Amino acid sequence: MTQKDRNFTLIGMPASGKSTVGVLLAKRLGYSFVDVDIVIQEREKRLLKEIIAQEGTDGFMAVENRVNASLEVDHSVIAPGGSVIYGREAMEHLKEISTIVYLKLNYEDVERRLGNLVDRGVVLKDGMTLLDLYNERVPYYEKYADITVDETGQTAGETVDYLRRMIEERLGRDSGF
């Protein structure tokens, strides 16, 4: 098993289930779960909204890039924020240490799940709509993904079951899962 196969990073839009699916998948695999937003808050000793308020969106993304690029984990399911895909160093590092799994969700489901964007911590640039953000990010998610999981009509449990089967096939049945 290579280093890349010992970790799995979940990428996708806010509300795509990175944390929910990540926790369940980690439990099923016997892995640790790493919520990078929490790692950022611990390292910065500030809430995400405080970082954004004090340093702006670009400043936050620089912090996010730095933290993701320095993650050192093993046998972990990693859930970074949805904007991690803008950080070149972060994505290069995550691709090196993990298999990247894109949790694909159609726009209508993203919109329905998100509700109030501010309460969910979604930051939009001035004049940008959620649809603009979706359309901007999807090509990045597709570019970086080693595995894409279409979650349309799936529960979190069904997504985890599918992912576990994909991982077993990728690593071979004798992987110990």
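Above this text is the structure in question.
The following paragraphs examine the structure supplied in this document. (Residues numbered from 1 in each chain as written. Predicted model: local features only at pLDDT ≥ 70, side-chain atom pairs only at ≥ 80, totals over all residues. Heavy atoms only, no water.)

## Observations regarding the packing of helix α2 (residues 18–29) against helix α8 (residues 156–171)
A pair of packed helices can be characterised by two numbers: the angle between their axes and the separation between those axes.
Here is step 1: Two numbers describe how α2 lies on α8: the axes approach to 9 Å, and their chain directions differ by 50°. Classified by the angle their axes make, α2 and α8 are oblique. The crossing of α2 and α8 is right-handed. Of the residues in α8, those touching α2 at T20, V21, L24, L25, R28 and L29 are A156, G157, T159, V160, D161, L163, R164 and I167. (Axes fitted to C-alpha atoms, helices over the stretch in contact; angles between N-to-C directions. Helix = DSSP H or I, 4+ residues; strand = E, 2+ residues; numbered from the N terminus. Parallel < 35°, antiparallel > 145°, perpendicular 65-115°, else oblique. Left-handed = near helix turned anticlockwise from the far one by under 90°. Contact = heavy atoms within 4.5 Å.)

## A few points about α2
Here is step 1: In this model α2 runs 16 Å from its N-terminal to its C-terminal C-alpha over 12 residues, within 8% of the 16 Å that 1.5 Å per residue would give.
Here is step 2: Along α2, the positions that sit buried rather than exposed are K18, V21, G22, L25, A26 and L29. For α2, the arc enclosing every buried residue in end-on projection is 130°, short of the 170-degree limit, so these residues lie on one face.
Here is step 3: The inward-facing, buried residues of α2 contact β1 (7–11), β2 (32–35), β3 (76–79), β4 (99–104) and α8.
Here is step 4: The first or second residue beyond α2 is G30, which carries a positive phi of 75°. (Expected span 1.5 Å × (residues − 1). Buried < 20%, exposed > 50% of the residue type's maximum accessible area, 1.4 Å probe, protein only. Arc of directions from axis to C-beta.)

## Let's talk about the pattern of salt bridges
Here is step 1: Tallied over the entire structure, the rule returns 10 salt bridges.
Here is step 2: As a salt-bridge pair, E55 and R46 come within 2.6 Å of each other at their nearest N and O atoms.
Here is step 3: A residue is classified by how much of its surface remains accessible, and E55, at 36% relative accessible area, is partly exposed.
Here is step 4: Residue class for R46 comes out buried when judged on its relative accessible area of 17%.
Here is step 5: Salt bridges sharing partners connect three or more residues here, namely E44, R46, E55 and R66. (Salt bridge = Lys/Arg side-chain N within 4 Å of Asp/Glu carboxyl O.)

## Re the side chain of E151
Here is step 1: Structurally, E151 is set in the loop between β5 (147–150) and α8.
Here is step 2: Filtering out sequence-adjacent residues up to four positions away, E151 remains in contact with S16, V21, L103, K104, L105, R113 and T159.

## Here we look at the sheet that holds β5
Here is step 1: Overall, parallel pairing links the 5 strands, which are arranged β2-β3-β1-β4-β5 in an open sheet. Of all the strands in the sheet, just β2 and β5 have a single pairing partner and so form its edges. In this sheet, adjacent strand axes meet at a mean angle of 20° when their direction is disregarded.
Here is step 2: Across 4 bridges, β4 lies against β5 in parallel orientation. Paired with K104 across the two strands is D150, which belongs to β5.
Here is step 3: The strands touched by α2 are β1, β2, β3 and β4; relative to β2, the strand with the most contacts, the crossing angle is about 160°.
Here is step 4: α8 contacts β1, β4 and β5 of the sheet and is inclined by roughly 155° relative to β5. (Pairing = 2+ DSSP bridges.)

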